[in-house]
Amino acid sequence: ILKQIFSLFYGSDNLAEFDTWCNYKEILKKYKLLVIDRDISNFDKAVKNPYAKELKQQITIKISPSTIEYFKQESVETGIPYQTLINMYLDECVREKRKLKIEWV
């Protein structure tokens with residue numbers, strides 16, 4: 001699994017409520033917080049998010065308990081949420097164009 005580096009970009013207008021986030025102390029321990037000073041009264045120069053098409057889509061899938069347990073254990077070892085690890089693994093499969101070896105019994 002690829003190791004990803006993650007920084008959190010945060011608008012200065014939201015900084016006052018950052019301590020209301022769930023597990024905000026853990027976030028500060030694990031990630032670099034970059035605060036961006038922004039004038040929220042003027043969006044004339046706003047740029048459309050170029051990554052918007054890459055945003056994740058929430059779905060519901062059935063995953064075997066042993067698979068979930070495997071990724072939860074990996075999560076404990078890496079400090080990365082298990083859902084993120086599953087997504088990272090699937091992204092890697094797509095990039096490498098891996099094919100499933102399906103054998104019907």
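Computed from a prediction, not measured in an experiment: that's the story for all the values here.

A. Quick peek at the overall build of the protein chain. Scanning the protein chain from N- to C-terminus turns up 3 helices and 2 strands. Counting from the amino terminus, helix and strand elements in the protein chain follow one another as β-α-β-α-α. By residue count, 11% of the 105 residues in the protein chain fall in the buried class. A total of about 10100 Å² of accessible surface is found on the protein chain, and carbon and sulfur atoms cover 56% of it.

B. Inspection of helix α2 (residues 65-78) at higher detail. Across its 14 residues, α2 extends 20 Å between first and last C-alpha, which sits within 8% of the 20 Å expected from 1.5 Å per residue. Following α2 by one or two positions, Gly-79 adopts a phi angle in the positive range, close to 80 degrees.

C. Seen up close, the pairing of strand β2 (residues 32-36). In terms of strand pairing, strand β1 (residues 7-11) meets β2 through 5 bridges, oriented parallel. Residue Gly-11 lies in a different strand from β2, and its bridge partner there is Ile-36. Read as a crossover between parallel neighbours, the route from β1 over helix α1 (residues 24-30) to β2 is right-handed.

D. A look at the environment of Ile-86. Among the structural elements, Ile-86 can be located in helix α3 (residues 82-95). Each C-alpha atom of the pair Ile-86 and Ser-75 lies 9.8 Å from the other, and the pair is 11 residues apart in sequence. When neighbours within four sequence positions are excluded, Ile-86 is seen to be in contact with Ile-63 and Phe-71.

E. Local environment of the packing of aromatic side chains. With the rule as written, the count across this model stands at 2 aromatic pairs. Plain terms: the ring middles of Tyr-70 and Phe-71 are 5.2 Å apart, the flat faces sit at 85 degrees to each other, and that makes the pair edge-to-face. Note on Phe-71 and Tyr-89: the rings are 6.3 Å apart at their centroids and 55 degrees apart in plane angle, and the pair reads as tilted. Of this pair, Phe-71 sits in helix α2 while Tyr-89 sits in helix α3, and the two are 18 residues apart along the sequence. Since its relative accessible area comes to 33%, Tyr-89 is described here as partly exposed. Each residue in the set Tyr-70, Phe-71 and Tyr-89 is aromatic and connected to the rest through ring pairs, giving one cluster.

F. Local environment of the pattern of salt bridges. Scanning all chains against the criterion turns up 3 salt bridges. Between Glu-26 and Lys-29 there is a salt bridge whose closest N-O contact spans 3.4 Å. You can see Glu-26 and its partner Lys-29 sitting in helix α1, 3 residues apart, about one turn around the helix. For Arg-98, the salt bridge identified is with Glu-92, shortest N-O distance 2.8 Å.

Here is what the cut-offs are and how they apply
- Residues numbered from 1 in each chain as written.
- Predicted model: local features only at pLDDT ≥ 70, side-chain atom pairs only at ≥ 80, totals over all residues.
- Heavy atoms only, no water.
- Helix = DSSP H or I, 4+ residues; strand = E, 2+ residues; numbered from the N terminus.
- Buried < 20%, exposed > 50% of the residue type's maximum accessible area, 1.4 Å probe, protein only.
- Areas by Shrake-Rupley, 256 points an atom, 1.4 Å probe, with all protein chains shown as cover.
- Expected span 1.5 Å × (residues − 1).
- Pairing = 2+ DSSP bridges.
- Right-handed = clockwise from strand over helix to strand, strands pointing away.
- Contact = heavy atoms within 4.5 Å.
- Phe/Tyr/Trp six-rings, centres within 6.5 Å; stacked < 30°, edge-to-face > 60°.
- Salt bridge = Lys/Arg side-chain N within 4 Å of Asp/Glu carboxyl O.

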